[in-house]
Amino acid sequence: MAPTKKVGILGATGTVGQRFILLLADHPVFTIHALGASSRSAGKAYKDAVKWKQSRPIPDNIESLVVKACVAEEFKECDVVFSGLDSDVAGDIEMEFLKSNLVVFSNAKNYRRDPTVPLIVPTVNTDHFDIIPHQRSVYNQSKGFLITNANCSTTGLVVPLKALQDAFGPLSQVVVHTQQAISGAGYPGVPSLDILDNVVPYISGEEEKMEWETAKILGGVDSKQFLPLTNTTVSATCTRVPVLDGHLEAVSVKFANGCPSVEEIYKVLENYTSEAQALGCHSAPEKAILVNKAADRPQPRLDRELQKGQAVTVGRVRPCPVFDIKFMLLVHNTVLGAAGSSVLNAEVAVAKGLI
């Protein structure tokens, strides 16, 4: 890949920001140059500003970095800016950075619906980078652009759906029930009295995101517009469970053009590859989809770290008496479902010559 690029991280003290730091600490292409957070943290050494919640320690070269305010002027030397900001503040800040001709990869929901902003899962729809010249013309930018990640649970869903859609044609109906880890709620997250010995059958806004994001991600793109799916209906039910990391999803699918066999589906899933893999990106998994045919897999604790968290594990593929087929999937919600998507998206952008 290209020579080292300087990167900044917005929301660096939060859960997603911490994951960015771990993913980028020894990266061969990206070097952490600037960290941004709220006014409470700005001016402090990172180790004094953060409540570190990761299983690995803060990298030695990051501890003493002074946290900056999240303003574009402080990040003007950065080739890439990764945003782990909460959605309540991300909108204005990310737009300021875009209008300052900076490259931004965002985890927030604010611009996912924007008709000029790609919503990219890096092992699914990197062809949506094709709209960047149009986005630059809209915002009168020479090198800056904005890319968004999908919701963490949507990310896991669309990887196997993309493989099935490519192989067997349109999917007419998809029903998904998620069991989502507590890390997806950030820190301090779900109160212990709500989640211990319990399942919470509601996550605000999550079901709607899964239902519309899938159509944009699995749809097409031309040079000036996205072409979302119009004949695929998604129904989602999202729950929070007492698991630290890893979203488990139960999925049922109806095909528009007849039902393939379980064996055909397994073969397609096992052989699926993405452009990120073909480009040789550093963070790309060796296999975008891991198939596990054991009767009791996937499981969050056993499967979430496979392929460094960048793959989706699929198991229990079987006939569905209501639709055509059903299966279970697992996605690491803070790696491929969040910071890992941004990092891999940025690697793809470098490989495509956009950065």
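Note that the structure is a prediction, hence the values are computed from the model and not measured.

1. Points about the pattern of salt bridges
Pairing between side chains of opposite charge can happen when their charged atoms approach one another.
Next up, step 1: Tallied over the full model, the rule gives 8 salt bridges.
Next up, step 2: Between Lys 68 and Glu 74 there is a salt bridge, with its nearest N and O atoms 3.8 Å apart.
Next up, step 3: Measuring nitrogen to oxygen at the nearest pair gives 3.0 Å for the salt bridge that ties Lys 352 to Glu 275. Taken as a pair, Lys 352 in the segment after α12 (335-351) and Glu 275 in helix α10 (residues 275-278) lie far apart in primary sequence, 77 residues in all.

2. Details of the sheet that holds strand β3 (residues 68-69)
Next up, step 1: Here we have 6 strands laid out as an open sheet, ordered β3-β2-β1-β4-β5-β6, and parallel in their pairing. The open sheet has two free edges, formed respectively by β3 and β6 (145-148), since each of these has just one partner strand.
Next up, step 2: Alignment of strand β1 (residues 5-10) against strand β4 (residues 80-83), held across 4 bridges, turns out to be parallel. Considered in β4, the bridge of Leu 10 is made with Ser 83.
Next up, step 3: Packed onto the sheet, helix α1 (residues 15-24) meets β1, β2 (30-37) and β4 and runs at close to 160 degrees relative to β1.

3. With respect to α1
Next up, step 1: With 8 of its 10 residues buried, α1 lies for the most part within the structure.
Next up, step 2: In this structure, the buried residues of α1 make contact with β1, β2, α2 (46-49), α3 (60-63), β4 and α12.

4. Considerations on unusual backbone geometry
Next up, step 1: Cis rather than trans, the peptide bond between Tyr 187 and Pro 188 has omega equal to 5 degrees.
Next up, step 2: With respect to the element layout, Pro 188 can be found in the loop between β7 (171-180) and α7 (192-195).
Next up, step 3: Cis geometry marks the peptide bond from Arg 297 to Pro 298, where omega comes out at 10 degrees.
Next up, step 4: Even without being a glycine, Asn 101 presents a positive backbone phi close to 70 degrees.

5. A word on the pairing of strand β5 (residues 103-106)
Next up, step 1: Here β5 shows a buried face lined by Val 103 and Phe 105 and a second buried face lined by Val 104 and Ser 106.
Next up, step 2: After leaving β4, the chain enters helix α4 (residues 87-99) and then returns to the sheet as β5, a path that is right-handed.

6. Describing the pairing of strand β14 (residues 325-331)
Next up, step 1: For β14, the buried fraction is high: 6 of the 7 residues fall into the buried class.
Next up, step 2: Sheet topology places strand β11 (residues 247-255) next to β14; 7 bridges connect them, and they run antiparallel. Bridge pairing in β14 places Ala 250 opposite Met 328.
Next up, step 3: As paired strands, strand β13 (residues 312-319) and β14 are joined by 6 bridges and run antiparallel to one another. Directly across from Gly 315, in β14, lies its bridge partner Met 328.

7. A few points about the packing of α1 against α12
Next up, step 1: Relative orientation of the contacting elements α1 and α12 amounts to 50 degrees, with a least axis distance of 9 Å. By the angle between their directions, the pair α1 and α12 is classed as oblique. In this structure, α1 meets α12 at a crossing whose hand is right-handed. Listed contacts from α12 to Val 16, Arg 19, Phe 20, Leu 23 and Leu 24 of α1 are Val 335, Ala 338, Ala 339, Gly 340, Ser 342 and Val 343.

8. Brief notes about the sheet that holds β14
Next up, step 1: Taken together, the 6 strands give an open sheet; going across it, the order is β10-β7-β11-β14-β13-β12, and neighbouring strands pair in mixed fashion. At either margin of the open sheet sits one strand with a lone partner, and together these are β10 (233-240) and β12 (289-292). Sheet twist, expressed as the mean angle between neighbouring strand axes with direction ignored, is 20 degrees.
Next up, step 2: Bridge analysis of β12 against β13 gives 4 bridges, and the strand direction is parallel. Across the sheet, the residue bridging to Asn 292 is Gly 315, located in β13.

9. Some details on the nonpolar core
Next up, step 1: Counting residues in each nonpolar core, the largest one holds 41 residues, and the members touching the most others are Leu 164, Val 253 and Phe 327.
Next up, step 2: Of all the secondary-structure elements, those providing two or more residues to this core are α6 (152-168), β7, α8 (206-218), β10, β11, α9 (262-271), β13 and β14.
Next up, step 3: Broken down by element, the residue count for this core peaks at 7 residues, all from α6.
Next up, step 4: Once you skip the residues sitting within four places of it in the chain, Val 253 turns out to touch Leu 161, Leu 171, Gln 173, Val 174, Phe 323, Asp 324, Ile 325 and Phe 327.
Next up, step 5: Core analysis: the second largest hydrophobic core is formed by 39 residues, Leu 24, Ile 32, Ile 62 and Cys 281 among them.

10. A short note on the packing of aromatic side chains
Next up, step 1: One pass over the full model with this rule turns up 7 aromatic pairs.
Next up, step 2: Residues Phe 30 and Phe 82 carry aromatic rings whose centres are separated by 5.9 Å and whose planes lie at 75 degrees to one another, so their mutual orientation is edge-to-face. Within this pair, whereas Phe 30 is found in strand β2, its partner Phe 82 is found in strand β4, the two being separated by 52 residues in sequence.
Next up, step 3: Above the ring of Phe 226, the side-chain terminus of Lys 216 is found at 4.6 Å from the ring centroid.

Cut-offs used in this document
- Here the residue numbers are simple positions, counted from 1 along each chain's written sequence.
- A pLDDT threshold of at least 70 governs which residues receive local features in this predicted model, and a stricter bar of 80 or more applies before side-chain atom pairs are shown or counted, although totals over entire chains, interfaces and linings include all residues.
- The basis for every side-chain value is the complete set of heavy atoms in the structure, and neither hydrogens nor water enter the calculation.
- The salt bridge definition used is simple: a Lys or Arg side-chain nitrogen within 4 Å of an Asp or Glu carboxyl oxygen.
- In this description a helix means any DSSP run of H or I spanning at least four residues, a strand means any run of E spanning at least two, and both kinds are numbered starting from the N terminus.
- Two strands qualify as a pair provided that DSSP identifies no fewer than 2 bridges between them.
- Here, two residues are considered to be in contact whenever any of their heavy atoms come within 4.5 Å of each other.
- Fitted lines through C-alpha atoms give the axes, limited to the stretch in contact for helices. The angle between two N-to-C directions lies from 0 to 180 degrees.
- Burial here depends on accessible area, computed with a 1.4 Å probe over protein chains only, as a share of the maximum for the residue type. Under 20% is buried, over 50% is exposed, and the range in between is partly exposed.
- Look down the strands so they point away from you; if the path from the first strand over the helix to the second goes clockwise, the crossover is right-handed.
- An angle below 35 degrees is treated as roughly parallel, one above 145 as roughly antiparallel, one from 65 to 115 as roughly perpendicular, and anything else as oblique.
- The sense of a crossing depends on the near helix, which, turned anticlockwise from the far helix by less than a right angle, makes the crossing left-handed and, turned clockwise, makes it right-handed.
- Definition of nonpolar core: a set of buried residues of the types Ala, Val, Leu, Ile, Met, Phe, Trp, Tyr and Cys, connected through side-chain atoms within 4.5 Å.
- Stacked, edge-to-face and tilted labels apply to pairs of Phe, Tyr and Trp rings (six-membered ring for Trp) whose centres lie within 6.5 Å, assigned for plane angles under 30 degrees, over 60, and everything in between, in that order.
- When the NZ atom of lysine or the CZ atom of arginine is within 6 Å of a ring's centre and also within 35 degrees of its normal, the charge is said to sit over that ring.

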